[in-house]
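# Survey of secondary and tertiary structure
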Amino acid sequence: MVGSAAVPARERVFISGVAGFLGSHLADAFLAEGWEVAGIDNLVGGYLDNVPEGVSFQVADCNDLPRVRALMAGASVVYHCAATAYEGLSVFSPHFVTQNVVTATTGMMSAAIANRARRFVHCSSMARYGANPVPFTEDQTPRPQDPYGIGKLAAEGLVKNLAEVHGIEWVVAVPHNILGPRQKYDDPYRNVAAIFANRLLQGLPLPIYGDGSQERCFSFVSDVVEPLRRMATDPRCAGEVINVGPDDHLITVRELAERVGAIVGVAPTLELHPPRPCEVARATCSAAKARALLGYEPRVSLDEGLRALVAWIRARGPRPFHHHLEVELEGPLLPRPWVAASGPRRP
Ligand SMILES: NC(=O)c1ccc[n+]([C@@H]2O[C@H](COP(=O)([O-])OP(=O)(O)OC[C@H]3O[C@@H](n4cnc5c(N)ncnc54)[C@H](O)[C@@H]3O)[C@@H](O)[C@H]2O)c1
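Residues numbered from 1 in each chain as written. Predicted model: local features only at pLDDT ≥ 70, side-chain atom pairs only at ≥ 80, totals over all residues.

A count of helical and extended segments in the chain gives 9 helices and 14 strands. Here the chain has a C-alpha radius of gyration of 20 Å; the compact-globule value for 347 residues is 20 Å, and the two agree. Along the longest, intermediate and shortest principal axes, the C-alpha atoms of the chain span 70 × 40 × 40 Å. For the chain, the proportion of its 347 residues judged to be buried stands at 48%. Expressed as a percentage of contacts within the chain between residues at least 6 apart in sequence, the contacts between residues at least 24 apart total 77%. (Helix = DSSP H or I, 4+ residues; strand = E, 2+ residues; numbered from the N terminus. Rg over C-alpha atoms; globule rule 2.2 N^0.38 Å. Buried ≥ 20, exposed ≤ 12 C-beta atoms within 10 Å, placed from the backbone. Contact = placed C-beta atoms within 7 Å.)

Each neighbour pair has its own omega, and for V134 with P135 the value is -5°, a cis peptide bond. In this model, R182 sits at a positive phi of 80°, which is unusual for a non-glycine residue. Structurally, R182 is set in the loop between strand 7 (177-179) and helix 5 (192-201). The backbone phi angle of C278 is positive, close to 70°, even though this residue is not glycine. Within the element layout of this structure, C278 appears in the loop between strand 13 (270-273) and strand 14 (282-283).

To continue, consider the nonpolar core. Grouped together as the largest cluster of nonpolar side chains are 103 residues, with contacts concentrated most on V78, F120, A173, A193, F196 and A197. Here V78 is in contact with F14, M72, M108, A112, A117 and F120, once residues within four sequence places are set aside. (Core = buried A, V, L, I, M, F, W, Y, C linked by C-beta atoms within 7 Å.)

The next thing to look at is the site of the ligand. By nearness alone, 32 residues border the ligand, and G17, G20, G45, G46 and A83 come closest of all. Of all the elements in the fold, those that place two or more residues in the shell around the ligand are helix 1 (21-32), strand 2 (36-41), helix 3 (94-114) and strand 7. Considered class by class, the residues forming the shell around the ligand number 16 nonpolar, 13 polar and 3 charged. (Near = placed C-beta within 6 Å. Nonpolar A, V, L, I, M, F, W, Y, C, P; charged D, E, K, R; others polar.)

This part is about the sheet that holds strand 12 (residues 251-252). Pairing in this open sheet of 3 strands is mixed, and the strands run 12-9-14 from one edge to the other. On the outer flanks of this sheet lie strand 12 and strand 14, each paired with one strand and no other. Across 2 bridges, strand 9 (residues 215-216) lies against strand 12 in antiparallel orientation. By the bridge assignment for strand 12, E215 is matched with T252. (Pairing = 2+ DSSP bridges.)

In the contact formed by helix 1 and helix 6 (residues 221-230), the axes pass within 9 Å of each other and the chain directions differ by 60°. As summarised for this structure, helix 1 and helix 6 are arranged oblique, according to the angle between their axes. Relative to helix 6, helix 1 is oriented so that their crossing is right-handed. The residues of helix 6 that touch helix 1, namely those facing F21, L22, H25, L26, A29 and F30, are V221, V224, V225, L228 and R229. Here the contact of helix 1 with helix 6 is built from residues that sort into 9 nonpolar, 1 polar and 1 charged. (Axes fitted to C-alpha atoms, helices over the stretch in contact; angles between N-to-C directions. Parallel < 35°, antiparallel > 145°, perpendicular 65-115°, else oblique. Left-handed = near helix turned anticlockwise from the far one by under 90°.)

Written out as structure tokens, the structure is:
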């Protein structure tokens, strides 16, 4: 009989940090696949205009458990992308960072369990590996070097423990350094490629910590979002920690400055600062497990990704640094670019 077939109910995914860089792109990917998407963000990072149309969005904090529990109702899959992803700052503002990395995760996890979600996908960070030899592999014993990495690892432990006790599936995604449009570019504490692009577009010098020989590997956001999206349903991902990011094309921070300069069309002037405490010299992950489980294959080159990032910042408008975060522990080690002209923000 025509029209009698029941329309299958759409699955609902709930994304924390949906006004952020990764969370907003993930929301787009789920909307394109026909999912119902709900999400929250407390707007400590990210931008409100990142939230894609079609997302049922509320400004809320992951630490506000009763509210998160209510907003999460009906979600079968939960992605926890919210975090204060400020690795360098975490030794100077450890309370602020860990509140939004560790406690925020328990809030999300508790709400997911109360709502009987099927699966919880947790965004961890390469900072969990810390001082290990590269490329980082999932079977290495984590050796995080700072409160952010230590917090991310603690959060993973909480996710696994609570998921196993209460019987929901968990996945830990470990992304690399990601770049692309919607990335926060006007705070001075993180996102080196976005900072370089924003500064070069204003004709300003680029801050470099140490001699700029630190090596990193970058992924374009779409190359991370696709494998991440598949973690919602792929049965092989349940109970796994999975790195997501290329394991070749290491580049130094100095080389990155040159590459962004070539795209903007400005020869970069470097502003050298003392090394940041605890900064790891080389950081890249093995992608072997992601290739095997998720068919992971990066498609966007670094230059293409940087061009997209520069074009987005150019269109949105370059901005001066906004020192919006509190510095809890001042002292001679605090990097100068993190101090506003009026001095550090205090709690
Ligand atoms: N971007 C990267 O290079 C990268 C690399 C590795 C891991 N990660 C991880 O991926 C996730 C997303 O990172 P991103 O680059 O999109 O960062 P982002 O800062 O752009 O997004 C995070 C969002 O979380 C929100 N948030 C923070 N604390 C919150 C809280 N307590 N309650 C509600 N919202 C809160 C912020 O306002 C922000 O919009 C994070 O967990 C981060 O640690 C990112």
